[in-house]
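# Close look at the chain arrangement
Residues per chain, in single letters:
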Amino acid sequence: MFDFLSKRFSNLFSKITGKGALTEKNVQESLEKVKDALLEADVPHKLIDEFVDSISKEVVGQKIAHSLKPGEQFIKIVHQRLLYFLGGQQVGSTFSFQIPSTVMVMGLQGSGKTTTLAKLAHFVKKQAKKRGKDRKILLASVDFYRPAAVDQLEILAKQVGVHFYRASSVNPVAAAKEINIYAKKNFFELVLLDTAGRLHIDNKMLTELRDIDTSLRPKYKLLVLDAMTGQESLSVAQAFDQSVGFNHAILTKIDSDTRGGAAFAFRYTLKKPILFVGTGEKVTELEQFRPERMAERILGMGDILSLVEKAEENIKQEEQESVLRSFRSGKLTLQDFADQMNMVGRLGSLSKISKYLPGMGGNNISPDMMEKGEKDMKQFKAIISSMTAKERLSPGILNGSRKSRIAKGAGATVMDVNLLLQRFEQSQQFAKLFKRFGRF
Ligand SMILES: Nc1nc2c(ncn2[C@@H]2O[C@H](COP(=O)(O)OP(=O)(O)OP(=O)(O)O)[C@@H](O)[C@H]2O)c(=O)[nH]1
Ligand SMILES: [Mg+2]
């Protein structure tokens, strides 16, 4: 569970750690690893070559900053470049729709348009509530292509607690006009319009979208892209852009095993912002897109910040702060480690959480391993709780007799105690890394 360091990342890192300078040779070796990481993330070859070339030019012969080791400097440059290609750093800015406005979603069949629309309604409603406001939000659909599509949206609208309107016409353009008139008459502040998707890019779909666009002129046209489609999503995005045009994209299903190659390819080629990412099937599972997190995900560093944000809803502030503090200081005690496990325990199943942790995002974790992880975690907690406060703060004093006392108290073996100490050691290294990168 607390194998925090992604194997790939640590490999990449160790390759050039400790060497005196960034030389052509060690840079090339490491760039190969970056290439592999990007390939695995499903970034198109052509983009990888461009990306790697640009880094190579930047790094070789570069003077190492005083405070950094060559390996760290290298990772930092890769990270920054990735960030740049993903749309730069966003510092805590929260997106909000202009009011009043109409939002139209578009995308291929099954990409998540209808679900995302409900998520957006929920997002805006929650955002308004925080400011003590109540937005008048309308969900409506012009998807007459799939029989139950309109019903699906109606159910979601009920779930979120926003208005829903069913047009009487089944012609998408006529229905869109009807919805528009209804919304104006009833002073809706935000109209979220669902449209039909097709299995592939198809002219009829594009023409329909263009006609709706011409008659409604929605302020926001959002392309919904399924992160799981990988490379193909790039040509999809290009087709929508050339034919209908859109302002932003939303990337869905990033809770899947995908590592974010679609986001990279999309940003790099189309240079349009990704506004949100979908992280699950529920209407609450929508997050603002954070380039820095995607960069880390692509590099296999995991997504600790997302995990922390998720935790915010479930975990008391002070507990979180103590964990962050220990990360920030680069020092981690066994007590912090136990706190972390408690925190993680309250976040949900390991399998869900693991997607956010470095080195655990792939499909290389079997249900058996998950189960074992859950069991280990319980045992680790028992072991830590049978230690004295002093032992928790300075595990260095744990000799043979202390270990066997602790093991007995926790119903475990000395080997289990050693295993815990080993994991703890890894976690400590991770905290040190965090500190060096200045992540928090
Ligand atoms: N895991 C996960 N599933 C998602 C996400 N977004 C949507 N889904 C699922 O993807 C499936 C398709 O979602 P829809 O919202 O119906 O997709 P759509 O684009 O409206 O599909 P059509 O109307 O048929 O074109 C559903 O089973 C959703 O629950 C996400 O972010 N994560
Ligand atoms: Mg739909």
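Residues numbered from 1 in each chain as written. Chains lettered and ligands numbered in written order. Predicted model: local features only at pLDDT ≥ 70, side-chain atom pairs only at ≥ 80, totals over all residues.

## Things to note about the overall build of the chain
When helices and strands are counted, the chain shows 19 helices and eight strands. Within the span of the chain, comprising 440 residues, buried residues form 39% of the whole. Considering only contacts within the chain whose residues lie at least 6 apart along the sequence, 74% involve residues at least 24 apart. (Helix = DSSP H or I, 4+ residues; strand = E, 2+ residues; numbered from the N terminus. Buried ≥ 20, exposed ≤ 12 C-beta atoms within 10 Å, placed from the backbone. Contact = placed C-beta atoms within 7 Å.)

## Concerning unusual backbone geometry
Residue proline 100 follows isoleucine 99 across a cis peptide bond; omega there is -5°. Tracing the backbone shows proline 100 in the loop between α4 (70–85) and β1 (101–106). Of note, phenylalanine 187 is a non-glycine position whose phi angle comes to about 55°, a positive value. By secondary structure assignment, the location of phenylalanine 187 is in the loop between α7 (172–185) and β4 (190–194). Overall, the presence of 8 C-beta atoms within 10 Å leaves phenylalanine 187 in the exposed class.

## As for the nonpolar core
Formed by 80 residues in total, the largest nonpolar core has its most connected members in Val103, Ala121, Leu139, Val191, Leu192, Leu225 and Leu251. Looking at this core element by element, the count peaks at six residues for helix α5 (residues 113–130). Here this core spans two domains, since at least three of its residues come from each of domain 1 (7–85) and domain 2 (101–289). Within the second largest apolar cluster, twelve residues are counted, among which are Leu332, Ile383, Ala410 and Val417. (Core = buried A, V, L, I, M, F, W, Y, C linked by C-beta atoms within 7 Å. Domains from an automatic or database assignment.)

## Some points on the pairing of strand β2 (residues 137–141)
With respect to burial, β2 is a largely interior element, five of its five residues being buried. Residues of β2 alternate between two faces, with Ile137, Leu139 and Ser141 on one and Leu138 and Ala140 on the opposite face, all of them buried. Taken together, the five bridges between β2 and β4 define a ladder with parallel strand orientation. From the neighbouring strand, alanine 140 faces β4, where its bridge partner is leucine 193. In this fold, β2 hands off to helix α6 (residues 149–160), which returns the chain to strand β3 (residues 163–165); that crossover is right-handed. (Pairing = 2+ DSSP bridges. Right-handed = clockwise from strand over helix to strand, strands pointing away.)

## Some words on the sheet that holds β3
For sheets, the rule is that strands pair by backbone hydrogen bonds, running either parallel or antiparallel. The mixed open sheet is built from eight strands, whose spatial order is β3-β2-β4-β1-β5-β6-β7-β8. Among the strands making up the open sheet, the edge pair consists of β3 and β8 (286–288). This sheet shows a mean twist of 25° between the axes of neighbouring strands, independent of strand direction. In the sheet, strand β7 (residues 274–278) pairs with β8 via three bridges, with the strands oriented antiparallel. Bridge pairing in β8 places valine 277 opposite glutamate 287. (Axes fitted to C-alpha atoms, helices over the stretch in contact; angles between N-to-C directions.)

## A short note on the pairing of strand β5 (residues 220–226)
A large share of β5 lies buried, amounting to six of its seven residues. Pairing of β1 with β5 involves four bridges; the strand directions are parallel. Pairing of valine 103 across the sheet is with tyrosine 220, part of β5. Inspection of the sheet shows β5 paired to strand β6 (residues 248–252) by five bridges, in the parallel sense. Residue pairing across strands places leucine 222 opposite histidine 248, the latter belonging to β6. Note that the unit made of β5, helix α9 (residues 232–243) and β6 has a crossover that is right-handed.

## Remarks on the confidence of the model for the chain
Overall, the prediction assigns the chain a mean pLDDT of 79, with 72% of residues at 70 or greater. Between residues 358–363, whose pLDDT stays under 50, and residues either more than four places distant or in other chains, the model counts 22 contacts. (pLDDT = per-residue confidence, 0-100.)

## Some remarks on helix α3 (residues 45–59)
For an α-helix, the turn length of 3.6 residues means that residues three or four places apart are oriented alike. Counted at 1.5 Å a residue, the expected span for α3 with its 15 residues is 21 Å, and the 21 Å between its end C-alpha atoms agrees. Considered for burial, the residues of α3 that qualify are Ile48, Phe51, Ile55 and Val59. Along α3, the residues classed as buried sweep out an arc of 70° about the axis, all on the same side. Turned more than 90 degrees away from the buried face of α3, the exposed residues are Lys46, Asp49, Asp53 and Lys57. (Expected span 1.5 Å × (residues − 1). Arc of directions from axis to C-beta.)

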